[in-house]
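Coordinate analysis (summary)
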Amino acid sequence: SKGKIDLGEAPVIVAGGRGLKAPENFKLVDELADAFGNAATGATRAMTDEGWRPHSEQIGQTGRVVSPELYV
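Residues numbered from 1 in each chain as written. Predicted model: local features only at pLDDT ≥ 70, side-chain atom pairs only at ≥ 80, totals over all residues. Heavy atoms only, no water.

Some thoughts on helix 1 (residues 26-36)
One full turn of an α-helix is made of 3.6 residues, so residues set three or four places apart face in the same direction. Residues of helix 1 that are buried include every one of Phe-26, Val-29, Asp-30 and Ala-33, and no others. In an axial view of helix 1, the angular spread of the buried residues amounts to 95°, which keeps them on one side of the axis. On its buried face, helix 1 sits against strand 1 (12-16), strand 2 (39-43) and helix 2 (45-49). Immediately downstream of helix 1, the backbone of Gly-37 shows phi near 85°, a positive value. (Buried < 20%, exposed > 50% of the residue type's maximum accessible area, 1.4 Å probe, protein only. Helix = DSSP H or I, 4+ residues; strand = E, 2+ residues; numbered from the N terminus. Arc of directions from axis to C-beta. Contact = heavy atoms within 4.5 Å.)

Here's what the structure looks like:
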């Protein structure tokens, strides 16, 4: 995303996981987050473990704790 918003502070989070099927498909998540304008990009543990996304984007029990107004 252009102006990276911290996951812990983001009012909107757009996240992706295994359903994207390939690392290059994460561009769809990035594009949707950019369209919101105030969204951060997140990922599941499986995606960060596979190296598709950086661990700083991991959300969940072993990742970042978040509390956005909207989580997609």
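A look at a nonpolar patch on the surface
Residues Leu-32, Phe-36, Leu-70 and Val-72 make up a contiguous nonpolar surface patch of about 300 Å² in total accessible area. Relative to the helices and strands, Leu-32 resides in helix 1. (Patch = residues over 30% accessible without salt bridge, like charges linked within 9 Å, V, L, I, M, F, W, Y side chains within 5 Å. Areas by Shrake-Rupley, 256 points an atom, 1.4 Å probe, with all protein chains shown as cover. Salt bridge = Lys/Arg side-chain N within 4 Å of Asp/Glu carboxyl O.)

A closer look at the environment of Asp-30
Mapped onto the fold, Asp-30 is located in helix 1. Between the alpha carbons of Asp-30 and Arg-18 there is a distance of 15 Å; along the sequence they are 12 residues apart. One polar contact links Asp-30 to Thr-41, side chain to side chain, over a distance of 3.3 Å. (Polar contact = N/O pair within 3.5 Å; in protein donor to acceptor, adjacent residues only side chain to side chain.)

Regarding the pattern of salt bridges
Evaluation of the coordinates by the stated rule reveals four salt bridges. When salt bridges with common partners are traced through the structure, they connect Asp-30, Arg-53 and Glu-57 into a single cluster.

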